[in-house]
Amino acid sequence: KVTKLCELLGAGKVPQNTAQAAAWHMANGLSWDELSHKNRIESKYTGNVRFFNTMELRSAFQVSSIINREFELYQSQTSSSTSEDTVTSESTGS
């Protein structure tokens, strides 16, 4: 999933901050709520600066959802073709 995300980033189809939020969510299990509160800068003098804005998080959620659906579809196709191969080889004796 992260490989696909990196491909999209490299192709310029996903902005860097959107990809970063999606990657942290997919690879590190950070919730969307945790990501929304993650600070890039923390200063008692100038205040905190969030890592991601609302649009970046929405986009990251959408990209993650699409990648997850594609991955599930790929897995179901792979497992069904593997099952078909097993049935075929069992019925032919190979």
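The structure presented is a predicted model; accordingly, all values stated were derived computationally and were not measured. Note that residues are indexed from 1 along each chain, following the sequence as it is written. Since the coordinates come from a predicted model, pLDDT governs what is reported: local features require at least 70, and pairs of side-chain atoms require 80 or more to be given and counted, while whole-chain, interface and lining totals use all residues. With hydrogens and water excluded, all non-hydrogen atoms of the structure serve as input to the side-chain values.

## Topic: the packing of helix 1 (residues 2-10) against helix 2 (residues 16-28)
Convention followed: Angles shown run from 0 to 180 degrees and are taken between the N-to-C directions of axes, each axis being a line fitted to C-alpha atoms and, for helices, limited to the stretch in contact. Think of it this way: any DSSP run of H or I at least four residues long counts as a helix, any run of E at least two long counts as a strand, and we number them from the N terminus. Each angle gets one of four labels, with under 35 degrees taken as roughly parallel, over 145 as roughly antiparallel, 65 to 115 as roughly perpendicular, and the rest as oblique. Any pair of residues with heavy atoms lying within 4.5 Å of one another is described as a contacting pair. The classification used treats Ala, Val, Leu, Ile, Met, Phe, Trp, Tyr, Cys and Pro as nonpolar, Asp, Glu, Lys and Arg as charged, and all other residues, Gly among them, as polar.
Contact pair helix 1 / helix 2: the axes reach a minimum separation of 10 Å and the direction vectors enclose 180°. One finds that helix 1 runs roughly antiparallel with respect to helix 2. Here helix 1 contributes V2, L5 and L9 to the contact with helix 2, which in turn contributes Q16, A19, A22, A23, M26 and A27. Of the residues assigned to the contact of helix 1 with helix 2, the class counts are eight nonpolar, one polar and no charged.

## Section: the nonpolar core
Going by this rule: Residue types Ala, Val, Leu, Ile, Met, Phe, Trp, Tyr and Cys, when buried and joined through side-chain atoms within 4.5 Å, form a set referred to as a nonpolar core. A 1.4 Å probe rolled over the protein chains alone gives each residue an accessible area, and that area as a share of the maximum for its type sets the label: buried under 20%, exposed over 50%, partly exposed in between.
Ranked by size, the top nonpolar core spans 16 residues in total, and within it L5, A21, L35, F52, V63 and I67 carry the most contacts. Broken down by secondary-structure element, the contributors of at least two residues to this core are helix 1, helix 2 and helix 4 (54-92). If one sorts the elements of this core by residue count, helix 2 sits on top with five residues. The residues touching A21, leaving out its near neighbours within four places in the chain, are W32, L35, F52, L57 and A60.

## Observations concerning the packing of aromatic side chains
The condition that has to hold: Aromatic pairs are defined between Phe, Tyr and Trp rings, using the six-membered ring for Trp, whenever the two ring centres lie within 6.5 Å; interplanar angles under 30 degrees are classed as stacked, those over 60 as edge-to-face, and all others as tilted. Here, a charge over a ring is recorded when the distance from Lys NZ or Arg CZ to the ring centre is within 6 Å and its angle to the ring normal is within 35 degrees.
What the rule picks out here adds up to four aromatic pairs. Aromatic pair W32 and F61: ring centres 5.8 Å apart, planes at 75°, arrangement edge-to-face. Note that W32 is positioned in helix 3 (residues 32-36) and F61 in helix 4, a separation of 29 residues in sequence. Overall, W32 belongs to the partly exposed group, its relative accessible area being 22%. On the accessibility criterion, F61 (45% relative accessible area) is partly exposed. Look at F51 and F52: their rings are 4.9 Å apart centre to centre, the planes differ by 40°, and that puts the pair in the tilted class. Accessibility expressed as a relative area gives 5% for F52, which makes it buried. Sitting over the face of the ring of W24, K38 holds its NZ or CZ atom 5.1 Å from the ring centroid.

## What about the confidence of the model for the protein chain?
Which entries qualify depends on this criterion: The predictor's confidence in any single residue is recorded as pLDDT, a number from 0 to 100.
This prediction gives the protein chain a mean pLDDT of 89; 86% of its residues lie at or above 70. Element-level pLDDT for the protein chain is lowest in helix 4, with a mean of 82, against a maximum mean of 98 in helix 2.

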